[in-house]
Amino acid sequence: MRLAELAWPDVAERAAAGAILAVPVGATEQHGPHLPLGTDTDIAVALCERLAGTRPDVLVAPPVAYGSSGEHAGFAGTLSIGQAATELLLVELGRSATETFERVLFVSAHGGNAEPVARAVARLRAESRDVSAFEPRWRGEPHAGRPETALQLVLRPGAVRMDRAAAGDQRPLPELLPLLRDGGVRAVTETGVLGDPSAATAGEGLELLEELTAALLAHVGAWHPAA
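Residues numbered from 1 in each chain as written. Predicted model: local features only at pLDDT ≥ 70, side-chain atom pairs only at ≥ 80, totals over all residues. Heavy atoms only, no water.

**Observations concerning the side chain of Arg-103**
To keep it simple, the criterion reads: A run of H or I in DSSP becomes a helix once it reaches four residues, and a run of E becomes a strand once it reaches two; helices and strands are each numbered from the N terminus. Two N or O atoms count as a polar contact when they lie within 3.5 Å, although within protein this holds only if one can serve as hydrogen donor and the other as acceptor, and sequence-adjacent residues are included solely when both atoms are side-chain atoms.
Topologically, Arg-103 is positioned in strand β3 (residues 103-108). Engagement of the side chain of Arg-103 in a polar contact is seen with the side chain of Asp-130, the distance being 3.3 Å.

**Notes on the environment of Thr-189**
Short version of the rule: Only protein chains enter the calculation, and the probe is 1.4 Å; a residue is then buried if its accessible area is under 20% of its type maximum, exposed if over 50%, and partly exposed in between.
Mapped onto the fold, Thr-189 is located in the loop between α6 (173-183) and α7 (202-223). Judged by relative accessible area, which is 5%, Thr-189 ranks as buried. As a C-alpha pair, Thr-189 and Ala-167 span 22 residues in sequence and 9.4 Å in three-dimensional space. From its side chain, Thr-189 meets the backbone nitrogen of Gly-192 in a polar contact 3.3 Å long. One polar contact links the side chain of Thr-189 to the main-chain carbonyl oxygen of Val-193, over a distance of 3.4 Å.

**Regarding unusual backbone geometry**
Although it is not a glycine, Ser-128 adopts a positive phi angle of roughly 65°. For Ser-128, the position within the fold is in the loop between α4 (114-126) and β4 (130-134). Of the residues examined, Ser-128 reaches a relative accessible area of 70% and is grouped as exposed. If you check the backbone angles, Ala-144 has positive phi at about 60° while not being a glycine.

Following this line, the structure appears as structure tokens:
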């Protein structure tokens, strides 16, 4: 199911049969003192692989592990390429991919990528390329809180430091947004956490992963029904 593990004749054969290329789009940014920097990328890859496990017409591209993460500046390890570069990267990647594949799907698991992903998809569609985007969404804490911690307890349990999991700013996101826009995450929390990850469990992570997978399958099914 992984594009990078195939030789080009195998890719050409799959593409000729109508394969969809799923591109995981993540980020390299702080996720509190208890989660790895690649959390968003891990989630995007997992969803693409789950999609490919259900839909044999899907191939999974290597992930885009950098995005627009400027709001997390000031925390060690955050690597951001900004909105303009993210948009350009996805536009050029989409153009290249559609030389081989009729359909390309971006699965973006980082909220900061939402605007550049939307602009890139609109531009590619304006060029008559069959491109779509899916962004997993969940209720509750938006960053490094209970939902993401629960997901990582399923996806990469060995990388989760629950002994370091501590509450950050727990105000509702609408209340935090003006502060985040002005000063970034650092302005509201010293830990980088928005929420309280301390009670997260693998059980709720698996339940959420199933919900997100079902939503992705529904999105792809509406865009391009399985044969």
